[in-house]
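Observations on the three-dimensional arrangement
Here's the letter readout for the chains.
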Amino acid sequence: MDALSAQLLPDAVPDHDLLVFQQLSVLAANRPAPDALLDVLCKALGAISLSLCFPGEALPDGERLVVAPLNYAERHIADLCADMPPGTDSAQTAARLMFFSPLITLTLAANRSTVPQSGWTAAAQQEHDRLEAVLDATNDAILMIDTVGTLAIVTLQFERYTGIPRYEVLGQPFDVLAQKIAAQPGLPEELAGILRALAENHTESLSSEIEIDEPQHRILVWYSVPVYGQSGMLLGRLFAFRDVMREREVDRLKTEFITLVSHELRTPLTSVKGFSDLILESGDDALPQEVREYLGIIAENADRLVTLINDIIDITRIESDRVVISPQLCALPETIAQVTAALQSAIEEKRHRLTLDIAPDLPQIWADPARMAQILTNLLSNAIKYTLHPGEIVISARYIDTLEALPDTAIRDPILPCVLVSVQDTGVGIPPGDQPYLFKPFYRTNNEIARLVGGTGLGLMIVKSFVEMQGGQVWFESAPGEGSTFYFTAPVVESKSQPGNISL
Ligand code: ADP
């Protein structure tokens, strides 16, 4: 037997073969059994016989046998074997077989049931079954569309989530699934569109969520990634859908519980604080000094608890997208004055010196005054807290209409024009290792000072959320032992009474 493995592609494909290729493509699109294609190809090649030899099988007999390997998804699935009449150029036949082999490969892959079980090695079959069982056992619904648009993997969960029997679509072209999605009541129309658009996109990884009403109401969070084999060959695109209905419900209950408990705690605390302040301010000289001190401690701790509870309520609202921002044109100097007045006693107690450096021509900003006050309160109280010895605190605010006017440390381009506010202190500073995590919830620097100074690690996260919700940016500069400067921006918007400002 003169078996020659085909490895070369023809330099130029003869016209005749191009026509045959077209004819076979049309035939292949109708998904016939591979034998139908082999018949046509056998005649076109002028072969005595043309057959498939699956792994583990002996090659067919033939005096002038030419063999082309067929590989699919990095696996050798069969050999295409042509027995040629005497006088045929074997190298040329090998090249022609290589030219036609992709069509035969794809037909085989699309008709996997026609590949005899003996064609798969026992180990490969076992591996395939195991993978299928593992995928079916996962909670996520998994779908894979291969590079020719065939549904290569459809798991049991997909059938459960969509109500589409998986064996009606597995191994079928994507259009079959699209039709079933359209015909299935309760499935969102956009589902087929998302799958189709992504199946043609070979690079991006995306995720989002969809809601389905039937067979059962579910919120499905999905993500999709292109899948590459070890050799870097694109194998197709994978979709995974996760049912998050239960998680969402638990989240909602948790939020409701925290909000309820926080409000219930805040009400009695207001009385504790109110009455201790009342007694202290009554000017009753008969009150022993010791009792005054205790009342002061009660009032101070009630204040701390109220701040903590307010932070928790805010974080819960932020995380559940329930923060209501009511922006209006507001004058920042007024807000700064209110906040500094409220924190005056804390500043005096630590003997800090506060300087206000507010530009005189500051335009009004588009912001929620209550949220702006909270941002400033959190930043100023941090500056007071984290400056241990009597130090300098400077609050400045200026109008910015060009990027060049921003400090070099500004992280992204803010909306311009804006007002840039900074709160600068000469405090303990923030170690470089802690700086990337500062705006994360509950993050506190892991040093003695943070342990010494009370706090929750929620203040800066609230600052960041409120600043960004109002179209601004927040960032900071800090050096341990030298102090910190926190910056934030607030966009300026048009007001008929303020010529020179732009409209959003
Ligand atoms: P809290 O002050 O309640 O701990 P924050 O979210 O306001 O929470 O701050 C998080 C951490 O950032 C603080 O624990 C502190 O370590 C650090 N930090 C914040 N502001 C300053 C500052 N002005 N100077 C030094 N460290 C600061």
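Structural data are supplied above this passage.
In this report, we go over the structure that sits alongside the text. All values derive from a computational prediction rather than experimental measurement.

1. Some remarks on the site of the ligand
Around the ligand, the surrounding shell holds 19 residues, and the nearest of these are N382, Y386, R444, T445 and L460. Interatomic distance of 2.9 Å between a side-chain N/O atom of D425 and a nitrogen atom of the ligand. Contacts to the ligand include T456, whose backbone N or O atom sits 2.8 Å from an oxygen atom. Protein contacts shield 97% of the accessible area of the ligand, which totals 530 Å² for the unbound molecule. Those elements that provide at least two residues to the shell around the ligand are α12 (369–385), α14 (459–469) and β16 (483–491).

2. Some remarks on the sheet that holds strand β6 (residues 151–154)
The antiparallel open sheet is built from 5 strands, whose spatial order is β6-β5-β9-β8-β7. Each edge of the open sheet is held by one strand with a lone partner, namely β6 and β7 (206–212). Strand-to-strand, the axes of this sheet are offset by a mean angle of 20°, without reference to chain direction. One ladder, built from 3 bridges, connects strand β5 (residues 141–146) with β6; its direction is antiparallel. The residue bridging L143 from the neighbouring strand is V154, located in β6. Packing of helix α7 (residues 190–199) onto the sheet brings it into contact with β5, β7, β8 (218–228) and β9 (234–243), and relative to β9 it is tilted by some 150°. With respect to the sheet, helix α8 (residues 245–281) is in contact with β7, β8 and β9, its orientation differing from that of β8 by roughly 130°.

3. Observations regarding the nonpolar core
One finds L332, I365 and F488 to be the most contacted residues of the largest nonpolar core, which totals 43 residues. Among the elements that line this core, the one with the most residues is α12, at 8 residues. Those residues in contact with L332 that sit more than four places away from it in its chain are L362, I365, M372, L376, A397, V419 and V421.

4. Focus on the environment of T150
Looking at the element boundaries, T150 is found in the loop between β5 and β6. A relative accessible area of 6% places T150 in the buried class.

5. Points about unusual backbone geometry
Geometrically, the link from E214 to P215 is a cis peptide bond, its omega value of 0° lying close to zero. As for its placement among the helices and strands, P215 is situated in the loop between β7 and β8. For the bond from L416 to P417, the omega torsion is -5°, close enough to zero to count as cis. Relative to the helices and strands, P417 resides in the loop between β13 (392–400) and β14 (418–425).

6. Details of the pattern of salt bridges
Per the stated rule, a full pass over the model turns up 14 salt bridges. Measuring nitrogen to oxygen at the nearest pair gives 3.0 Å for the salt bridge that ties R242 to D140. Residue R242 is located in strand β9, and its partner D140 is located in the loop between α4 (122–137) and β5; the two are separated by 102 residues in the primary sequence. Put simply, D175 and R196 hold a salt bridge, and the shortest N to O gap is 3.0 Å.

7. Here we look at the pairing of strand β15 (residues 474–479)
Judged from the 6 bridges that link them, β15 and β16 form a sheet pairing that is antiparallel. Paired with V474 across the two strands is F488, which belongs to β16.

8. Section: the state of the cysteines
Going through the model one piece at a time under the given rule, you end up with 0 disulfides. Free cysteine: C81, not disulfide-bonded; nearest cysteine sulfur from C53 at 4.9 Å. Classification of C81 by relative accessible area gives buried; the value is 1%. A disulfide-free cysteine, C418 has its sulfur positioned 14 Å from the sulfur of C330, the nearest such atom.

9. A closer look at the packing of helix α1 (residues 15–29) against helix α2 (residues 34–45)
Packing of α1 against α2 brings their axes to within 10 Å, and their N-to-C directions diverge by 170°. By the criterion of interaxial angle, the relationship of α1 to α2 is roughly antiparallel. Contact residues: H16, V20, Q23, L24, L27 and A28 in α1; A36, L37, V40, L41 and A44 in α2.

10. Overview of α12
Over its 17 residues, α12 extends 24 Å from the first C-alpha to the last, a length consistent with the 24 Å expected when each residue adds 1.5 Å. In terms of burial, α12 is largely enclosed, as 12 of its 17 residues are buried. If you check the start of α12, you find a side-chain oxygen 3.0 Å away from the backbone N of A370, and it comes from D368.

Rules of the game
Residues numbered from 1 in each chain as written. Predicted model: local features only at pLDDT ≥ 70, side-chain atom pairs only at ≥ 80, totals over all residues. Heavy atoms only, no water. Near = heavy atom within 4 Å. Polar contact = N/O pair within 3.5 Å; in protein donor to acceptor, adjacent residues only side chain to side chain. Areas by Shrake-Rupley, 256 points an atom, 1.4 Å probe, with all protein chains shown as cover. Helix = DSSP H or I, 4+ residues; strand = E, 2+ residues; numbered from the N terminus. Pairing = 2+ DSSP bridges. Axes fitted to C-alpha atoms, helices over the stretch in contact; angles between N-to-C directions. Contact = heavy atoms within 4.5 Å. Core = buried A, V, L, I, M, F, W, Y, C linked by side-chain atoms within 4.5 Å. Buried < 20%, exposed > 50% of the residue type's maximum accessible area, 1.4 Å probe, protein only. Salt bridge = Lys/Arg side-chain N within 4 Å of Asp/Glu carboxyl O. Disulfide = S-S within 2.5 Å. Parallel < 35°, antiparallel > 145°, perpendicular 65-115°, else oblique. Expected span 1.5 Å × (residues − 1).

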